[in-house]
Amino acid sequence: MAAAMPLALLVLLLLGRRGWCLAEPPRDSLREELVITPLPSGDVAATFQFRTRWDSELQREGDTDHYFLRYAVLPREVVCTENLTPWKKLLPCSSKAGLSVLLKADRLFHTSYHSQAVHIRPVCRNARCTSISWELRQTLSVVFDAFITGQGKKDWSLFRMFSRTLTEPCPLASESRVYVDITNYNQDNETLEVNPPPTTTYQDVILGTRKIYAIYDLLDTAMINNSRNLNIQLKWKRPPENEAPPVPFLHAQRYVSGYGLQKGELSTLLYNTHPYRAFPVLLLDTVPWYLRLYVHTLTITSKGKENKPSYIHYQPAQDRLQPHLLEMLIQLPANSVTKVSIQFERALLKWTEYTPDPNHGFYVSPSVLSALVPSVVAAKPVDWEESPLFNSLFPVSDGSNYFVRLYTEPLLVNLPTPDFSMPYNVICLTCTVVAVCYGSFYNLLTRTFHIEEPRTGGLAKRLANLIRRARGVPPL
Amino acid sequence: MGLLSDPVRRRALARLVLRLNAPLCVLSYVAGIAWFLALVFPPLTQRTYMSENAMGSTMVEEQFAGGDRARAFARDFAAHRKKSGALPVAWLERTMRSVGLEVYTQSFSRKLPFPDETHERYVLGEWGVPGPRAHLGGRGLGWVSPWRVSWGQEAQWEGKSLVGIGGLEKGGLQRPTTVTLRSPPPYCIQMVSGTNVYGILRAPRAASTESLVLTVPCGSDSTNSQAVGLLLALAAHFRGQIYWAKDIIFLVTEHDLLGTEAWLEAYHDVNVTGMQSSPLQGRAGAIQAAVALELSSDVVTSLDVAVEGLNGQLPNLDLLNLFQTFCQKGGLLCTLQGKLQPQDWTSLDGPLQGLQTLLLMVLRQASGRPHGSHGLFLRYRVEALTLRGINSFRQYKYDLVAVGKALEGMFRKLNHLLERLHQSFFLYLLPALSRFVSIGLYMPAAGFLLLVLGLKALELWMQLHEAEVGVEEPGGAPGPSVPLPPSQGVGLASLVAPLLISQAMGLALYVLPVLGQHVATQHFPVAEAEAVVLTLLAIYAAGLALPHNTHRPLSCRVVSTQAPDRGWMALKLVALIYLALQLGCIALTNFSLGFLLATTMVPAAALAKPHGPRTLYAALLVLTSPAATLLGSLFLWRELQEAPLSLAEGWQLFLAALAQGVLEHHTYGALLFPLLSLGLYPCWLLFWNVLFWK
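Here the structure is a predicted model, which is why all the values come from computation and not from measurement.

Undergrad: Would you mind showing me how to read the overall build of chain A here?
TA: Across its full length, chain A carries 6 helices and 23 strands. Across the 476 residues in chain A, those meeting the buried criterion constitute 45%. Here the contacts in chain A between residues at least 6 apart in sequence split such that 76% fall between residues at least 24 apart. Total accessible area on chain A stands at roughly 25,600 Å², and carbon and sulfur atoms take up 58% of it.

Undergrad: Any chance you could explain the state of the cysteines here in plain terms?
TA: Note on terminology: a disulfide is the covalent bond linking the sulfur atoms of two cysteines. Residue and element names in this part refer to chain A. By the definition in use, this model includes 2 disulfides over all chains. Each sulfur of the disulfide joining Cys93 and Cys170 lies 1.6 Å from the other. When the S-S torsion is 65 degrees, as for the bridge of Cys93 with Cys170, the disulfide is right-handed. In this pair, Cys93 is assigned in the loop between α1 (81–89) and α2 (105–108) and Cys170 in the loop between α3 (158–162) and β7 (173–181), connecting sequence segments 77 residues apart.

Undergrad: What's the story with the nonpolar core in this structure? I'm lost.
TA: Inside soluble globular proteins, nonpolar side chains tend to come together where they are buried. By size, the foremost hydrophobic cluster in this structure holds 162 residues, and its most contacted members are Leu230, Phe250 and Leu407 of chain B. Of the residues forming this core, the biggest block, 12 residues, is contributed by helix α25 (residues 672–691) of chain B. With residues up to four places along the chain from it excluded, the contact list for Leu230 of chain B reads Phe64, Ala70, Leu293, Leu295, Leu400, Val403, Gly404 and Leu407 of chain B. Counting 44 residues, the second largest nonpolar core, distinct from the first, contains Leu103, Val118, Val180 and Leu218 of chain A.

Undergrad: Looking at this model, I keep getting lost on the sheet that holds strand β15 (residues 291–302) of chain A. Mind explaining?
TA: Adjacent strands of a sheet pair through backbone hydrogen bonds, lying either parallel or antiparallel. All names here are of chain A. Pairing is antiparallel across the open sheet formed by 5 strands, whose spatial order is β12-β13-β19-β15-β16. The two strands at the open ends of the sheet, each matched to only one other strand, are β12 (250–257) and β16 (305–306). Pairing geometry for β12 and strand β13 (residues 263–272), over 8 bridges, is antiparallel. Directly across from Ser257, in β13, lies its bridge partner Glu265.

Undergrad: Please clarify how the packing of helix α11 (residues 349–367) of chain B against helix α23 (residues 626–640) of chain B should be interpreted in this entry.
TA: Between two packed helices, what matters for the description is the angle formed by their axes and the separation of those axes. Residue and element names in this part refer to chain B. At a minimum axis separation of 10 Å, α11 and α23 run at an interaxial angle of 140 degrees. The handedness of the crossing between α11 and α23 is left-handed. Across from Gln356, Leu359, Leu360 and Leu363 in α11, the residues of α23 making contact are Ser633, Leu636, Trp637 and Leu640. Each residue belonging to the contact of α11 with α23 can be placed in one class, and the counts come to 6 nonpolar, 2 polar and no charged.

Undergrad: When you look at the interface of chain A and chain B in this model, what are you seeing that I'm missing?
TA: You'll often see interface size given as the accessible area lost when the parts meet. Every contact between the two is made by 37 residues of chain A and, on the other side, 32 residues of chain B. With both chains or domains summed, chain A and chain B bury close to 3,000 Å², and 57% of this area falls on carbon and sulfur atoms. In terms of surface lost to chain B, no three residues of chain A exceed Phe147, Tyr259 and Asn359 of chain A, which account for 21% of the buried area on that side. The salt bridge partner of Asp269 of chain B is Lys339 of chain A, with a shortest N-O separation of 2.7 Å. Where chain A packs against chain B, one counts 13 residue pairs in polar contact (both at pLDDT 80 or more). Elements represented by at least two residues in the side of chain A that touches chain B include exactly β4 (113–124), β12, β13 and α5 (423–446) of chain A. Residue composition of the side of chain A that touches chain B, by class: 18 nonpolar, 13 polar and 6 charged.

Undergrad: How should I be thinking about the domain arrangement of chain A in this particular structure?
TA: Residues and elements named next belong to chain A. Taken domain by domain, chain A comprises domain 1 (29–57 + 71–236) and domain 2 (250–413). In this structure, domain 1 and domain 2 have C-alpha centres spaced 29 Å apart. Listed by partner, the interface residues are 21 residues for domain 1 and 27 residues for domain 2. Taking both partners together, domain 1 and domain 2 bury about 2,200 Å²; carbon and sulfur atoms supply 62% of that area. Connecting domain 1 to domain 2 are 0 salt bridges. The set of elements that each furnish at least two residues to the side of domain 1 that touches domain 2 consists of β2 (29–38), β3 (44–55), β9 (200–206) and β10 (209–217). Partitioned by chemical class, the residues of the side of domain 1 that touches domain 2 number 10 nonpolar, 3 polar and 8 charged.

Undergrad: I keep staring at unusual backbone geometry and nothing clicks. Help me out?
TA: The general pattern is negative phi for most residues beyond glycine and trans for most peptide bonds. Omega for the bond connecting Asn195 of chain A with Pro196 of chain A falls within 30 degrees of zero, at 0 degrees, which places this linkage in the cis form. Secondary-structure assignment places Pro196 of chain A in the loop between β8 (192–195) and β9. Notably, Asp269 of chain B is not glycine yet its phi reads approximately 55 degrees, a positive angle. Among the secondary structure elements, Asp269 of chain B is positioned in the loop between α9 (256–267) and β10 (276–277).

Criteria and cut-off values
- Residues numbered from 1 in each chain as written.
- Chains lettered and ligands numbered in written order.
- Predicted model: local features only at pLDDT ≥ 70, side-chain atom pairs only at ≥ 80, totals over all residues.
- Heavy atoms only, no water.
- Helix = DSSP H or I, 4+ residues; strand = E, 2+ residues; numbered from the N terminus.
- Buried < 20%, exposed > 50% of the residue type's maximum accessible area, 1.4 Å probe, protein only.
- Contact = heavy atoms within 4.5 Å.
- Areas by Shrake-Rupley, 256 points an atom, 1.4 Å probe, with all protein chains shown as cover.
- Disulfide = S-S within 2.5 Å.
- Core = buried A, V, L, I, M, F, W, Y, C linked by side-chain atoms within 4.5 Å.
- Pairing = 2+ DSSP bridges.
- Axes fitted to C-alpha atoms, helices over the stretch in contact; angles between N-to-C directions.
- Left-handed = near helix turned anticlockwise from the far one by under 90°.
- Nonpolar A, V, L, I, M, F, W, Y, C, P; charged D, E, K, R; others polar.
- Buried area = accessible area lost by both parts, 1.4 Å probe.
- Salt bridge = Lys/Arg side-chain N within 4 Å of Asp/Glu carboxyl O.
- Polar contact = N/O pair within 3.5 Å; in protein donor to acceptor, adjacent residues only side chain to side chain.
- Domains from an automatic or database assignment.

This is the structure:
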């Protein structure tokens, strides 16, 4: 579930919800922020967000035609510096100033989780939406691991994480902030100490729970000028125990069951760990055509009972043209595990269709879960433009729910694979065998048999008969 | 085809086959055996080589230095295990979490078809009282006790004259004592339940699509603590490394293979053997390879590797090559079948020593049982092998660091794998760790043996044919005359009864022992396991008595026809073809079993006829029946291990093996028992029937 997602370039052609459209959004502006979230396991998550907006001459023409909506996914992409470098070049300050100086490849790829994204969308510039701006939002999330990067230590600083400190804001930025999650895990006392002490804090409801953030504003000249650089340090007052991390309300797991190369089953487990609230989940599955799904085997069970989805959209695959598309709206009962499973048969590909490493297996893209998850704490509707950028990652609809989109892990499925050193031999051998069999059978079938009377003549025979008579044996 | 469609040439060929049949058969049989023996000599046995490019040329440097940590973990584990009397699940969870793994547990339970006498199982009884079962307790006949030296313990012997410490002294060579107390057990012994603990090391920045497994099976006795210690120390070391591309699953299973089977079934979400287990909470994609570790001492003198899996399946040869590479790199002493590697292959000594190893491998593979928990992974196409640490009286010892380094190296190279292991051989025989015989070279041995059956069948067919022709046309006119339908009909009808009866016997042999154990325990003073074994033997022996009663009414009709021999000839023909077919199929999937059965069954099958020295034939047939083959294999196996058996011990081991065979069929899906009872035993009965044809 917490697997690193491959780089997904998500092009949002649709306008966001109405609330997102401001009358007059700032033009040519850059907002950048870094959110640092220390986790009780000793790991620390860092999320960068950069938002750039610029005016566009393009006019918006009515509603987007859904016919042009496309969804594509590349299930296998290993992120490396080749993905990071062009991504950094999109930033107005590149990696010269501001928060982006922290984006050092050798540290960012020394992490246990890496997720990098580019979102682009048009934003209405006025209420009637006659002119638009374009918004480019770049996010990068990494999780530094206490065991690998931290060598067992659980106290972090910017320098320990990125081997850099912050020295100046990006001159183009209208806002440049660092948020540190200092929420108390226990009610009684503070668990985390940040140094230097923050000047202001920010409270909000994120993912349904109340969070407190310390804010460091790089545009605040006093912040950096005191020591010429800013190196935020995190120190656990009480070292967190080795306990299982808190479980989110919605998580999912996907796997292939069965063995052998003929059949299999795709199973998705959807966990709703909320103690008393049920909520619906939209499950989107795209399965490559070479896994031939048996739709009649689609079963959805929760708590041992069949769970009938309220909506199913299925688009069958066409060989070599289009994958299966399966979309379902499933109600997840409170505190339950829902299993969605569907059987498939592995197709035999044409021998030129195999990848260069066919024995590695073929990737199946992750399922996508979209859900409105109930919050523990009711959130107030906020002004999107004023609140921090990370707030809009998990948009709240009506205060009691928040929106989550989850991607399960991609799957690796083995297809029946010929031994590619053999085809030539096999073809030759089979052709020979077939030719020999066919030839002789044809010979037998087309030949007419008739009994031939032994000829009386023949010198050899006469001689033989003479000898035989001498021996006293009946003649031929 | 031309040969067959031309009547003249066909007759010539037929005459050749008929006249030279006996010498050809003998020649073919001898050729088969000779070919097999020749497999250990260098032109037929080849040096192993690494085929997988990803594991071959890349260098890894092993940095594992957690020997002290491993020993400390092992001590703690052993102490906790002793205290709780079972697998210390909570301690394992805590420790795995503290070294930074994602930890999950899985509980399972399995109702055995009858109590397993070879393993002490900690059983949760009907009253919820967990407790170890006294091993030499009041139940059962004396032959229960030596079952302790089951086939699982064979790795304790090594080299030429070293007798290791192991199960042998514990209970193996005691005189069988008859215990008369036969009260019913106070708790339900047949229910085995336990908990597996596994921790997943998530590869950084990867999507959990592939994984490797390091597993330690823990039995009920206090062995394998050091293996758990080393597993934990390795996990701690691996966790601090950045280079992993595949997730690594560290699995500790309870109840040896039962736990492994439960975990594997749950991981693949299938139910093959009727195991009840809780679903797994955490998974890590497709498992690419697995290594099982068995270590019971802080120092080892050598590492033994076991490759034979369930139903004779073998892992890809590259995995073994990988192990051997790191044996050489680390200077470890590595053995195969407990035998050291011969150095000199040019003289006769090396090949002869290789022959011993090869025979041991053939016997083990033929048994079809998983020799270590790796054997169960093979069903799911996960390449796996078991490493066993042996501590014998040798001078030079290696500590856990050396073993750990070998394992680290193996895992790092497996981590480099781009594709599943597929480049090297899947079907091979091993006369030594660095020598192998590929399938193309060993198959002719089985082929020659099966040719005997083919030749015999051809002879019978021709004789039958000629008898018919002879009856109808005494002159022997040329031309392919089709046998007349009525005469053939009589021949076939007489075959139906023996075929059906022998198959029914096989079915009874397969079904009745387990089904009828309760009836047997109620009426006879025996325990369930004994009841099963004794019923097995009883039905087996009853099969021998049957043919006298069955074919008499039929034989009258056969005798009344003009060719009195036709009845048994037709029956023998069918039996020969049936046997050849079965042996051929078995040899393709499990060469060792096929070859072993062919070696023993073929001569008797070829000779069986109701004339001549019948007692001799009968003795031969009995001596080569599947059960006798099993008994003989046990003696041969112990002889090769340089721990010869006395007759009484052999008999007890035989009984134990029978029970184990049935049990393994039910618990793991081993196919040897159904194969013998449903396939080969009925077929063998047909020959018995032929022999006593009247």
